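Structural characterization, general
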Amino acid sequence: MNLVLDCDPGLDDAVAILVAAHHADLVGITTVAGNVGINRTTRNALVVAQLAGLDVPVHRGAGKPLAGEPVDGSRIHGESGLGNAVLPDLERSEASDDAVAYLCDTARSVDDLHLLAIGPLTNVALALRRDPHLRRHLAGLTIMGGSASAGNITSVAEFNIWADPEAAAIVFEKAAPLTMVGLDVTNKVVFGAAETARMRAAGTPAAALAADVTDFLRDRFRQYVAQSVVPLHDATAVVAATHPHLFERSRHPVAVEVRGEHTRGMTVADLRPPALIEAIGPPGVAASDIVWGTDVDAVRELIVKAVLAS
Ligand code: BDR
Ligand code: CA
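Keep in mind the model is a prediction, meaning the values are calculated, not measured. (Residues numbered from 1 in each chain as written. Chains lettered and ligands numbered in written order. Predicted model: local features only at pLDDT ≥ 70, side-chain atom pairs only at ≥ 80, totals over all residues. Heavy atoms only, no water.)

1. Re the site of ligand 1
Ligand 1 sits among Asp12, Asp13, Asn35, His77, Ile118, Met144, Asn152, Glu158, Phe159, Asn160, His233 and Asp234. In the model, an oxygen atom of ligand 1 is placed 2.6 Å from a nitrogen or oxygen of the aspartate 12 side chain. Within the contact set of ligand 1, an oxygen atom lies 2.9 Å away from a side-chain nitrogen or oxygen of aspartate 13. When contributions to the shell around ligand 1 are tallied by element, the ones reaching two or more residues are α1 (11–23), α6 (159–163) and α11 (233–242). Looking at the shell around ligand 1 residue by residue, the class counts come to three nonpolar, five polar and four charged. (Near = heavy atom within 4 Å. Polar contact = N/O pair within 3.5 Å; in protein donor to acceptor, adjacent residues only side chain to side chain. Helix = DSSP H or I, 4+ residues; strand = E, 2+ residues; numbered from the N terminus. Nonpolar A, V, L, I, M, F, W, Y, C, P; charged D, E, K, R; others polar.)

2. Quick notes on the packing of aromatic side chains
Scanning the model with the defined rule gives one aromatic pair in all. Aromatic pair phenylalanine 159 and tryptophan 162: ring centres 6.1 Å apart, planes at 45°, arrangement tilted. Of the two residues, phenylalanine 159 and tryptophan 162 are both situated in helix α6; the distance of three residues between them amounts to about one turn of the helix. (Phe/Tyr/Trp six-rings, centres within 6.5 Å; stacked < 30°, edge-to-face > 60°.)

3. A short note on the sheet that holds strand β6 (residues 179–181)
Taken together, nine strands build an open sheet; the order of strands is β3-β2-β1-β4-β5-β6-β11-β9-β10 and the sheet is mixed. The sheet terminates laterally at β3 (58–59) and β10 (267–269), the two strands that pair on one side only. Alignment of strand β9 (residues 247–256) against strand β11 (residues 287–294), held across seven bridges, turns out to be antiparallel. Pairing of proline 253 across the sheet is with alanine 287, part of β11. Sheet strands touched by helix α7 (residues 165–174): β5 (140–144), β6, β9, β10 and β11. Its angle to β9, the strand with the most contacts, is close to 115°. Packed on one face of the sheet, α11 meets β4 (113–117), β5, β6 and β9 and runs near 160° to β5. (Pairing = 2+ DSSP bridges. Contact = heavy atoms within 4.5 Å. Axes fitted to C-alpha atoms, helices over the stretch in contact; angles between N-to-C directions.)

4. Details of helix α2 (residues 38–52)
Along its 15 residues, α2 runs 21 Å from first to last C-alpha, staying within 8% of the 21 Å computed at 1.5 Å per residue. Taken together, the buried positions of α2 are Ile38, Thr41, Thr42, Asn44, Ala45, Leu46, Val47, Val48, Ala49 and Gln50. Buried residues belonging to α2 abut α1, β2 (25–31), β3 and α10 (205–222). Glycine 53 lies just past α2 and shows a positive phi near 65°. (Expected span 1.5 Å × (residues − 1). Buried < 20%, exposed > 50% of the residue type's maximum accessible area, 1.4 Å probe, protein only.)

5. Looking at the environment of valine 58
Mapped onto the elements of the fold, valine 58 is located in strand β3. Here valine 58 falls in the buried class, since its relative accessible area comes to 1%. Separated by 29 residues in sequence, valine 58 and isoleucine 29 have C-alpha atoms that sit 4.8 Å apart. In this view, valine 58 contacts Ile29, Thr31, Thr42, Ala45, Leu46, Glu94, Ala95 and Ser96; residues no more than four positions away in its chain are not counted.

6. A closer look at the environment of glycine 284
Tracing the chain through its elements places glycine 284 in the loop between α12 (274–280) and β11. Residue glycine 284 is classed as exposed on the basis of its relative accessible area of 80%.

7. Quick word on the pairing of strand β1 (residues 2–7)
Across a regular strand the side chains alternate sides, sitting on one face of the sheet and then on the other. Counting buried positions over the six residues of β1 gives five, a clear majority of the element. As defined by bridge partners, β1 adjoins β2 across six bridges and the pair is classed as parallel. Along β2, the bridge assignment pairs leucine 3 with leucine 26. Pairing of β1 with β4, which is carried by five bridges, proceeds in the parallel orientation.

8. Focus: the state of the cysteines
Scanning all chains against the criterion turns up zero disulfides. Note on cysteine 7: no disulfide assigned, nearest cysteine sulfur contributed by cysteine 104 at a separation of 17 Å. Classification of cysteine 104 as buried rests on a relative accessible area of 7%. (Disulfide = S-S within 2.5 Å.)

9. Focus on unusual backbone geometry
With an omega dihedral of -15°, the bond running from proline 9 to glycine 10 counts as a cis peptide bond. Mapping glycine 10 onto the fold places it in the loop between β1 and α1. Positive phi, close to 50°, is recorded for aspartate 112, a residue that is not glycine.

10. Re the pairing of β4
Across the five residues that make up β4, a large majority, five, are buried. Along β4, one buried face is formed by Leu113, Leu115 and Ala117 and the opposite face, lined by His114 and Leu116, is buried too. Bridging between β4 and β5 involves four bridges; their strand directions are parallel. Considered in β5, the bridge of leucine 115 is made with leucine 141. In this fold, β4 hands off to helix α5 (residues 122–130), which returns the chain to β5; that crossover is right-handed. (Right-handed = clockwise from strand over helix to strand, strands pointing away.)

See below:
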């Protein structure tokens, strides 16, 4: 599968890059502001590619959401976005500062291209504005984002959608059906000390980084919840794209709340029976595939194995 990864590294994004490079033909990486600012997410993507020896272009994307100011996820991801990992000097440079043009051009020129977005959806929304036919040039569109149950950044909103709800609303409306790999499934695939020990034992710079960022995330989590295992949301989303048979999904209308006082950034999934929706409405809400569950052990192993090979 040819894959373009739109990301905001980001602890779990860093692992996701390694997993994508191992399990797919990673054609390119685009960056977006999210977990940290665009300079850092772009630098981090370049560093991960360098450490893993990936021959993949990195294109810088949007530095702020469609409306309002950039959010900040450094409380979880650390000031650099990669925890406290000691990073090498950068020997690479970005291929362009126009991720949106890259996305539009690549969708038209590369066959069987899957776009996987694991950060705020700003670049994807801007690409849809530039090319309203973008979706039909893609073999698939998967996002890590949203939730049909609880949120993580608010009681009902997941971080990537909350970081740019206007962009997410455009994407869910204009690029449906997409595959929503949200917290409903990603929270189930968790990693602990046993997994990071295995990663570290691989002895490569990229695997050491994956172990470092996962351990950092475990430390951060322990400040808030009594658990020593953490989800790597973005890495799970990669496996959902590359190994779809391992995941359970169903299709439902999904709207993104952009106004609610308590619900901005919520993905509002209509789980009522289709005949009832048809009868009562509201009409015309685009439907997407919501991923609910997976073979947790198999997915965890695919992620660890990808890191060990990095
Ligand atoms: C998502 O938010 C970010 O902090 C992570 O990188 C992931 O993409 C999880 O809600
Ligand atoms: Ca991310």
